[in-house]
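Examining the three-dimensional arrangement
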Amino acid sequence: MAHAGTLTISNLSKQYEVKGEVLPVLKDITLTINPGEFVSIVGSSGCGKSTLLRLLIGLEEDYQGEILLDGGRIVGTSLERGIVFQEHRLFPWLSVEKNIGLGLLNAKVPEEEKRRSIQEHIELVGLSGFETAYPYQLSGGMAQRVAIARALVNRPEILLLDEPFGALDALTRAHLQQELHRIWQQESITMILVTHDVEEAIYLGDKVVVMEPRPGRVRRIVPVALAHPRDRAAYEFVRIKEDVMREFIGQPAEEVIEPPLRAHDAPSDRLPSTFRFAV
Ligand SMILES: Nc1ncnc2c1ncn2[C@@H]1O[C@H](COP(=O)(O)OP(=O)(O)O)[C@@H](O)[C@H]1O
Ligand SMILES: [Mg+2]
């Protein structure tokens, strides 16, 4: 029997039928995610990342292969698994606390406990004082914090994040990455982050799963054995980033998700001279 919270994906394949033709989207994905692990998934647009998360959350059940949580097959959605999307998907007519409370709609806990949990999660995401604010009064980053609180309020074992910071400006994104790391440590849950930002993937992940497209497959799994807080300009960090980026070179031009590493991506005084103009 697998350890509680272990997610085991074995030979997972998924296809859609479009206008009578079979479109293979995921092929033979095999991946083990340990309890409390932070796993980043990167890959170009259209390589099946969102489809994979939809299968993991149980929104789609038509697939080949196996997805097991704690040794049992995932069937339908469950309070054990929360999800955050790129768009915050908050209801504009509900306040912050009511939006977060929606996460508890199906939870069988007394009202008093629900109120306490909502308040705790508002604090967890750093939004104390904004309980009664409406989405239009929030910045994009704050709205994503609410979405994270709503996904966590049920205390799921696994949080899935589908490009949650993709629409935010670079500074807000960097700040929320730090915050997400803090929340992950505080909550001790498994997080699976889909992103097309290689730096974000390495900054947060215990490992980075690199996918390749048509059909979506795992190209490589890159471990990130760096202590936190991680320094994006450190030599080891930049080396891993270059390693991950190299996986994309060789894919067709339109599939390259970011330009290759340039010398000014990291302060040159932190890099050995042989590295500076390597790519
Ligand atoms: N419901 C669907 N019906 C048909 N094709 C789909 C459906 N959902 C996704 N696809 C196709 O599957 C592929 C992967 O999509 P997606 O998982 O959204 O990729 P990603 O999130 O990596 O950008 C794309 O080619 C997309 O057009
Ligand atoms: Mg997607």
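Heads up: these notes are all about the structure in this document. What you see is a predicted model; the values in this text were computed from it and never measured.

Comments concerning the site of ligand 1
Of all residues adjacent to ligand 1, which total 13 residues, the nearest are Gly46, Gly48, Lys49, Ser50 and Thr51. At 3.2 Å from an oxygen atom of ligand 1 is found a main-chain nitrogen or oxygen belonging to Cys47. Measuring from a nitrogen atom of ligand 1, one finds a side-chain N or O atom of Arg54 at 3.5 Å. For the shell around ligand 1, a count of residues per class yields five nonpolar, six polar and two charged.

Describing helix α5 (residues 170–187)
In a regular helix each residue adds 1.5 Å, so 18 residues correspond to 26 Å; α5 covers 25 Å between its end C-alpha atoms and thus fits that length. Taken together, the buried positions of α5 are occupied by Leu176, Gln177, Glu179, Leu180, His181, Ile183 and Trp184. Where the residues of α5 are buried, they touch β3 (38–42), α3 (111–124), α4 (140–152), β7 (158–162), β8 (190–195) and α6 (198–204). Its side-chain oxygen placed 3.2 Å from the backbone nitrogen of Leu171, Asp169 serves as the N-cap of α5.

Section: the pairing of strand β9 (residues 207–212)
Moving residue by residue along a regular strand, the side chains alternate between the two faces of the sheet. For β9, the tally of buried residues reaches six of six residues, placing the bulk of the element in the interior. Burial along β9 is two-sided: the face carrying Lys207, Val209 and Met211 and the face carrying Val208, Val210 and Glu212 are both buried. Both β3 and β9 contribute to a ladder of four bridges, which runs parallel. Paired with Ile41 across the strands is Val209, a residue of β9. Bridging between β9 and strand β10 (residues 217–223) involves six bridges; their strand directions are antiparallel. Its bridge partner lying in β10, Met211 is registered against Val218. Hairpin connection, β9 to β10: the antiparallel pair is bridged by four residues, and Arg214 has positive phi, about 50 degrees.

Describing the nonpolar core
Ranked by internal contacts, the top residues of the largest apolar core, which has 49 residues, are Met191 and Val244. Looking at which element gives the most residues to this core, the answer is α4, with eight residues. No fewer than three residues from each of domain 1 (1–80 + 157–168 + 186–247) and domain 2 (88–155) sit in this core. For Val244, the contacting residues outside a window of four places in its chain are Val42, Val198, Ile202, Val210 and Val222. The next biggest cluster of nonpolar side chains, apart from the first, holds 26 residues, and it includes Ile9, Ile29, Cys47 and Tyr63.

Comments concerning the packing of aromatic side chains
Within the structure shown, the criterion is met by two aromatic pairs. Both rings, one in Phe38 and one in Trp184, keep their centres 5.6 Å apart while their planes meet at 85 degrees; by these two values the pair is edge-to-face. Highlighted residues: Phe38 in strand β3 and Trp184 in helix α5, separated in sequence by 146 residues. Considered together, Phe38 and Trp184 belong to a single accessibility category, that of buried residues. Plain terms: the ring middles of Phe91 and Trp93 are 5.1 Å apart, the flat faces sit at 45 degrees to each other, and that makes the pair tilted. Its guanidinium or amino end placed over the ring of Phe85, Arg89 lies 3.7 Å from that ring's centre, counting from NZ or CZ. It is Arg232 that lies over the ring of Tyr203; its NZ or CZ is 3.9 Å from the centre.

Some words on the sheet that holds strand β2 (residues 21–33)
Overall, antiparallel pairing links the four strands, which are arranged β2-β1-β4-β5 in an open sheet. Only two strands of the sheet have a single partner each, and these edge strands are β2 and β5 (72–73). Inspection of the sheet shows strand β1 (residues 7–18) paired to β2 by nine bridges, in the antiparallel sense. Bridge pairing links Ile9 to Leu31 in β2. Helix α1 (residues 49–57) contacts β1, β2 and β4 (64–69) of the sheet and is inclined by roughly 120 degrees relative to β1.

Digging into the sheet that holds strand β6 (residues 81–84)
Spatially, six strands are ordered β6-β7-β8-β3-β9-β10 in an open sheet, and the strand pairing comes out mixed. The two strands at the open ends of the sheet, each matched to only one other strand, are β6 and β10. Within the sheet, the average angular offset between the axes of one strand and its neighbour, ignoring direction, is 20 degrees. Sitting on the sheet, α5 is in contact with β3, β7 and β8, with an inclination near 160 degrees to β8.

The rules behind the values
- Residues numbered from 1 in each chain as written.
- Chains lettered and ligands numbered in written order.
- Predicted model: local features only at pLDDT ≥ 70, side-chain atom pairs only at ≥ 80, totals over all residues.
- Heavy atoms only, no water.
- Near = heavy atom within 4 Å.
- Polar contact = N/O pair within 3.5 Å; in protein donor to acceptor, adjacent residues only side chain to side chain.
- Nonpolar A, V, L, I, M, F, W, Y, C, P; charged D, E, K, R; others polar.
- Helix = DSSP H or I, 4+ residues; strand = E, 2+ residues; numbered from the N terminus.
- Expected span 1.5 Å × (residues − 1).
- Buried < 20%, exposed > 50% of the residue type's maximum accessible area, 1.4 Å probe, protein only.
- Contact = heavy atoms within 4.5 Å.
- Pairing = 2+ DSSP bridges.
- Core = buried A, V, L, I, M, F, W, Y, C linked by side-chain atoms within 4.5 Å.
- Domains from an automatic or database assignment.
- Phe/Tyr/Trp six-rings, centres within 6.5 Å; stacked < 30°, edge-to-face > 60°.
- Lys NZ or Arg CZ within 6 Å of the ring centre and 35° of its normal.
- Axes fitted to C-alpha atoms, helices over the stretch in contact; angles between N-to-C directions.

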